[in-house]
Amino acid sequence: MKCLATLAAALLCGYPAAAAGSDGTILTGAGWTIEVRGDGGRITIRHERLGTILSGVRLNLEAGGGLRELKHWSVEIRGPQAHPASSSASKPEEWTPESGIPGRLLVRTVEPPSTWVFEPARDGLRISSTAPGAVLTGHAPVSKARGLARLLDSDGAPVTWRGTGECAGTYGGGVTENPSFLPRENPECMYFALGQASGSVFHNLFDQKTDTAIRFTPQTRFSAAGADVEQLAFTMPLPGPGLIRLVPDYYTKVLGLPHYAPLDTSVFDRAPTTWCSWASYFGDVTEDAIVRNTDWLAKHLQPYGFQYVQIDDGYDRIPGKWGKTGHNWIDQWDKEKFPNGPEWIARYIKSHGLRPGLWLVPNAYSGAVETHPDWYLRDKQGGFIRDYNTPSLDSSHPEVLDFLKKLFGTLGGWGFEYYKFDGEFSLPAYAPKVDLTRLHDPQSDPVVTYRKRLAVIRQAIGPNTFVEGCPSGTPLNGIGYFNSYFNGQDVYNNWQGMHSLLDSINANAFLNRMVVYVMPDGVELGEHMSIEDARRRRPPNVAINASQREEPITGLGVTFAQARTLVSVVALSGVAYSLTGVMPELPPDRLPLLQRTLPTMPITPLDLFSRGSDADWAQFRHIRADDYIHHYPEVLDLKVAAKSGTYDVVALPNWRSAPVTKSVSLSRQLGLDAGEKFVAFDFWNQALLDVVSDRISVEVDGHDTRVLLVHRLLDRPQLIGTSRHITGAYSIQNLSWDAAGNTLQGLSDVVPDADYSLFIHLPPDASTTSTPSATAGGRPIPVSQKRSGELLSVTFKSPESPVSWKVPF
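Computed from a predicted model, the values in this text were never measured in an experiment. (Residues numbered from 1 in each chain as written. Predicted model: local features only at pLDDT ≥ 70, side-chain atom pairs only at ≥ 80, totals over all residues. Heavy atoms only, no water.)

**A word on the environment of Trp495**
Part 1 of the reasoning: Along the chain, Trp495 falls in the loop between β28 (484-485) and α10 (499-508).
Part 2 of the reasoning: Assessed through its relative accessible area of 5%, Trp495 is described here as buried.
Part 3 of the reasoning: C-alpha separation for the pair Trp495 and Gln562, spaced 67 residues apart in sequence, amounts to 7.0 Å.
Part 4 of the reasoning: Not counting residues within four places of it along the chain, the set of residues in contact with Trp495 comprises Leu502, Gly557, Val558, Gln562, Thr565, Leu566, Ala625, Trp655 and His703.
Part 5 of the reasoning: Side chain to side chain, Trp495 and His703 meet in a polar contact 3.4 Å long. (Helix = DSSP H or I, 4+ residues; strand = E, 2+ residues; numbered from the N terminus. Buried < 20%, exposed > 50% of the residue type's maximum accessible area, 1.4 Å probe, protein only. Contact = heavy atoms within 4.5 Å. Polar contact = N/O pair within 3.5 Å; in protein donor to acceptor, adjacent residues only side chain to side chain.)

In structure tokens, the structure reads:
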């Protein structure tokens, strides 16, 4: 009781403490708690900010190719190790638990004799052993907010996470740059997770709630703990002293983000799907164009989960006033282009099962120039500071905040549910031309004022309205208020123009679903047309923009292979899925590319660092895509743990125009168990690729991407993919194997009246003489099956969803 009382008092005072009793021994210090339960029991390691980090920790020795657990221990608490080079180090005999200096926990084993030492320090726990071949094993608790990660490797190849040059070019501001690095291990790979990931290529954890990285030794390996999704099994060899190191404020202090707030996914649990008018219409967008695209999207993609139709710039430009007063947002909608007005078009979009969105620049407004000249930012000569050629508002003025409430109250009343904020940053903070002495509140901190403005807007629109921010190359100061960020160059509508999208994913994916959703800009899937055709079939600025950004101009549109690469990369990275083409002109053979990659899935990045951003606005005026050196991944690995099973979806893109043979090592690059067999399913070709052990090699055509679903081989029939979704996970609500009835069965969410196929791998001796069955709403529906070698496809079409199905063997 005296020891426990001493422990309680020490914990209340924040001091390190030690306690021993019949149930075990506890050491606390520097925020750590190490608890040893009984003789040869288990060890639990906790931290005051993070809770339990490791549990059920066992001491082991390597023996005969396996591990031998050590079970007979004695435990003692001692003072810190005395280091001869440190004159301030406390001598062990002078140390007491009340000294305020972290102690050490020593575990001594009997057979064989060995000593294991746990030494807590600030943001670190040192673990060492006298035994050769020492290995710790146990479990690491995980959750939606804590999981595996690859962290920034400062010894890797240096790259730069860079914003665009818009603020620098327009206002004379700076370019936002943060150093980053490609990892030394598997730099060619990029990893994502749908569900709780595992794999030997990951050695660290990240706690999203606290922005804390938990670094383990490079030798540490994590694996699935059976069916328990709330913990991972870990193995931590100790060839020398090992360190568990905490890295607090990881996103801000290590990666360079100006603010951190974990993304709230309670309202929007995945990135949005949108269509944006800009790249195909520029300022010439019309009501008729919105109606035509809305009709097409509602018919062909809304049943597959498509959501938003976003009207971009051009709806309120009034002849004679553009360039003088600029945008008004609510007062000057162009009646020639939008004869029925904003409320009508919002209602029209909603009537088709979609949600209306709108582009605007809430930093700027021309409607109060004469009535409220004190609302505006000024330069040193007293002139207006313009954002998108519109006088910019001074957000330190309370009346400006009141106006913003009115603005968004009006737009929300018209029915808009999605906003794209352009030119969205604190001009007083990043535009040197602003005269800070002319601010309404010249003593205010510009970034604090900016975030207060965002809080006012967010309160006005509520949590159910989605907001995308475009920071013009400045730091992402809207974290915590924006649902997504577009932090990259605008695309233009051909393959080289799509490199802006690819570069944005490459640079910013580490933010996605962690602090915001990443909007990489829109995907063009239309077929190739010459620049002469584009001048006839598109508004003038579409061809002009493309011609300004590449020389010689290659025309507009993409090949089928390029389209397949674009949808594969967007879908498997989990970022916002935006379309930018004239959708009624999409070739019919490209429609399934969209339908099989929608909706977006709640995918999170496992690579928590930027791969760098290199593209500039006129990148391809100087170089062709085949010669462009970039850091795009050669292997994109999505690790899935869902109702559909635990497996990898592996994309192998070919970024060049010539065909290549691409290989992936299942153990070294995917972190799968060496020596086991796996079955690979080719998603886009909907065919069985092979049963493999450690390496897959495939031919990939120029600019194409092969997508393989890689499952651990079972000794029974197993589902290895569906026709519905590239991840294999969407649509599968339940999946089970009835061993007694030798039946594979499940429940699938299907698109009514669309073909749906299950792809099942069969052992060579499996019989398919029995007939599959399916029911929807309690009524049977027709089912067909086809066997090709070891692949069985089972297909049905249902007027309603979900469908319950059984495949007996």
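**Quick look at the pattern of salt bridges**
Part 1 of the reasoning: One pass over the full model with this rule turns up 34 salt bridges.
Part 2 of the reasoning: One salt bridge in this structure joins Arg538 and Glu585, with 2.9 Å as the shortest N-O distance. With Arg538 in the loop between α11 (531-537) and α12 (540-549) and Glu585 in the loop between β31 (577-579) and α14 (591-595), this residue pair connects regions lying 47 residues apart in the sequence.
Part 3 of the reasoning: Its relative accessible area of 33% is what places Glu585 among the partly exposed residues.
Part 4 of the reasoning: Sharing partners across several salt bridges, the network here consists of Glu35, Arg37 and Arg46. (Salt bridge = Lys/Arg side-chain N within 4 Å of Asp/Glu carboxyl O.)

**Thoughts on the sheet that holds strand β10 (residues 124-129)**
Part 1 of the reasoning: Ordered by their spatial adjacency, eight strands build an open sheet running β7-β8-β9-β10-β20-β17-β16-β12, and the pairing between neighbours is antiparallel. Each edge of the sheet is formed by a strand with only one pairing partner; in this case those strands are β7 (73-78) and β12 (146-149). Across the sheet, the mean angle separating the axes of adjacent strands is 15° when strand polarity is ignored.
Part 2 of the reasoning: Across four bridges, β10 lies against strand β20 (residues 242-248) in antiparallel orientation. Paired with Arg126 across the strands is Leu243, a residue of β20. (Pairing = 2+ DSSP bridges. Axes fitted to C-alpha atoms, helices over the stretch in contact; angles between N-to-C directions.)

**Looking at the packing of α10 against helix α13 (residues 560-573)**
Part 1 of the reasoning: Running from N to C, α10 and α13 cross one another at 25°; their axes reach a closest spacing of 11 Å. With respect to their mutual orientation, α10 and α13 come out roughly parallel. In this structure, α10 meets α13 at a crossing whose hand is left-handed. Residues Leu501, Leu502 and Ile505 of α10 lie in contact with α13, whose contacting residues are Leu566, Val569, Val570 and Ser573.
Part 2 of the reasoning: Residue composition of the contact of α10 with α13, grouped by class: six nonpolar, one polar and no charged. (Parallel < 35°, antiparallel > 145°, perpendicular 65-115°, else oblique. Left-handed = near helix turned anticlockwise from the far one by under 90°. Nonpolar A, V, L, I, M, F, W, Y, C, P; charged D, E, K, R; others polar.)

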